[in-house]
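Structural description and commentary
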Amino acid sequence: MSLPEVQLKAGILGATGTVGQRFISLLSKHPYFTIHVVGASLRSAGQEYAKATRWKMTTPIPAEVGNMLVQECKPELFRECDVIFSGLDSDVAGEIETSFLKADLVVFSNAKNHRRDPVVPLIVPTVNPSHFDLIPHQRSLHSLHKGFIVTNANCSTTGLVVVLKPLQDAFGPIEAVIVQTMQAISGAGYPGVASLDIYDNVVPFISGEEEKMEYETLKILGDVNETATGFNILSFTKVSASCNRVPVIDGHTECVSIKFKNQPPPSVEQIIHALDSYVSESQQIGCHSAPEKAIIISRDQDRPQPRLDRDNGDGYSVTVGRVRKCNVFDVKFTLLVHNTILGAAGSGILNAEIALAKGLLKVGS
Ligand SMILES: NC(=O)C1=CN([C@@H]2O[C@H](COP(=O)(O)OP(=O)(O)OC[C@H]3O[C@@H](n4cnc5c(N)ncnc54)[C@H](OP(=O)(O)O)[C@@H]3O)[C@@H](O)[C@H]2O)C=CC1
Ligand SMILES: N[C@@H](CC(=O)OP(=O)(O)O)C(=O)O
């Protein structure tokens, strides 16, 4: 993809939070999105960013952002932005993001609020960029000239669909998926889970998470209908998720078992080959943040591990290991996804790069 001639102005909603901080650290070294406005709640608005946030990234706050004044999340304060990235708390994301859409702004959201909307694409950038095809319909429905809203997926769902997509493409419909997650504490935002709850412990419940994985997987792996006015949500595939919080800072690990419709199923080596050779549309386009490999196969018997593998592909790759035959279903494996990069902010940024490549961002208009 050739670089655009102009810099695009980016606004960040929820800039002080866990996902917002990740947006800032990724965008600060981005070649064509420049951070223009940062927004958060009334608690933070009016303060310098460095004072308002409790910075938890391992790199310093970028100098150009540290002394920016945090704004309220009002569309009129972001009207110069070509693109808005939202890391808003879901208690407020629905209403605020809708007000930005109505103001004809382009919103890439991390929050759950709009993911089930029948005209909002739910896009994991290394899986289903074709769902951008619905944007002209969304624009006409809301009488928008340049604005639209796209969401990225729940972080655990993101890792899962990156691996299911090439298997579905290569071997046909997947009949059943059973997944157990071990999710990092950064997934709960800041301050998140109390240390007395998570230290020396595992918590076998994350509110709403299992339902999100079971629904979002089917929307993402489905396709856009013939008239590009809606989504064909998979009805054949059944997903059952069990979600657990574990004392890991970043990186969600998932143990997955799957059963194919077509029998006999592919061999373990055929599955490894399909995963290893998978190239997503975002890579084909040559997007700046697209990983060299969407899926990295580990053949070590004790990998993937969050501390060792979460930064693979700069956090944009999903690492898969322990691919083996399953005695109940057909095959089982373990995957690892970086929950705040590909599982959150990174997906928003890569989705914006894809939108730009597809001509959907009307820069400076
Ligand atoms: N953490 C993760 O791995 C993932 C998170 N997500 C989703 O991304 C979103 C952000 O999550 P996360 O960063 O973890 O959450 P945090 O709690 O860390 O951050 C929430 C952000 O929302 C802002 N905010 C809260 N209330 C308001 C308000 N009334 N008006 C304006 N801004 C407000 C906060 O500002 P202030 O500091 O001023 O309070 C803060 O910037 C959530 O919707 C979450 O579900 C999605 C995928 C993965
Ligand atoms: N619930 C996820 C993070 C998250 O906020 O997900 P969602 O964007 O689907 O609400 C976790 O706890 O790890």
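Everything that follows concerns the structure shown earlier in this document.
Figured I'd write up the structure that's included with this text. (Residues numbered from 1 in each chain as written. Chains lettered and ligands numbered in written order. Predicted model: local features only at pLDDT ≥ 70, side-chain atom pairs only at ≥ 80, totals over all residues. Heavy atoms only, no water.)

Details of the overall build of the protein
Check the secondary structure of the protein and you find twelve helices and 14 strands. Taking 365 residues into account, the globule formula puts the C-alpha radius of gyration at 21 Å, and the protein, at 20 Å, falls close to it. Its C-alpha atoms put the protein at 60 × 50 × 35 Å along the principal axes. Within the span of the protein, comprising 365 residues, buried residues form 56% of the whole. Contacts spanning at least 24 positions in sequence make up 75% of the contacts within the protein whose residues lie at least 6 apart. Of the roughly 15700 Å² that the protein leaves accessible, carbon and sulfur atoms contribute 50%. Averaged over its 33 positive side-chain charges, the protein has a centre that lies 2 Å from the centre of its 38 negative ones. (Helix = DSSP H or I, 4+ residues; strand = E, 2+ residues; numbered from the N terminus. Rg over C-alpha atoms; globule rule 2.2 N^0.38 Å. Buried < 20%, exposed > 50% of the residue type's maximum accessible area, 1.4 Å probe, protein only. Contact = heavy atoms within 4.5 Å. Areas by Shrake-Rupley, 256 points an atom, 1.4 Å probe, with all protein chains shown as cover. Lys, Arg positive; Asp, Glu negative; His and termini not counted. Charge placed at Lys NZ, Arg CZ, Asp CG, Glu CD.)

Side note on the site of ligand 1
Around ligand 1, the surrounding shell holds 28 residues, and the nearest of these are Thr16, Ser41, Arg43, Ser44 and Leu88. Contacts to ligand 1 include glycine 17, whose backbone N or O atom sits 3.1 Å from an oxygen atom. With respect to ligand 1, the backbone of serine 90 contributes an N or O atom lying 3.5 Å from an oxygen atom. In isolation ligand 1 offers 910 Å² of accessible surface; the protein chains occlude 82% of this area. Every element with two or more residues in the shell around ligand 1 is listed here: α1 (18-27), α4 (90-102) and α12 (341-357). Top contributing element to the shell around ligand 1 by residue count: α4, with three residues. Summarising the domain contributions, the shell around ligand 1 has at least three residues from each of domain 1 (8-154 + 345-357) and domain 2 (155-338). (Near = heavy atom within 4 Å. Polar contact = N/O pair within 3.5 Å; in protein donor to acceptor, adjacent residues only side chain to side chain. Domains from an automatic or database assignment.)

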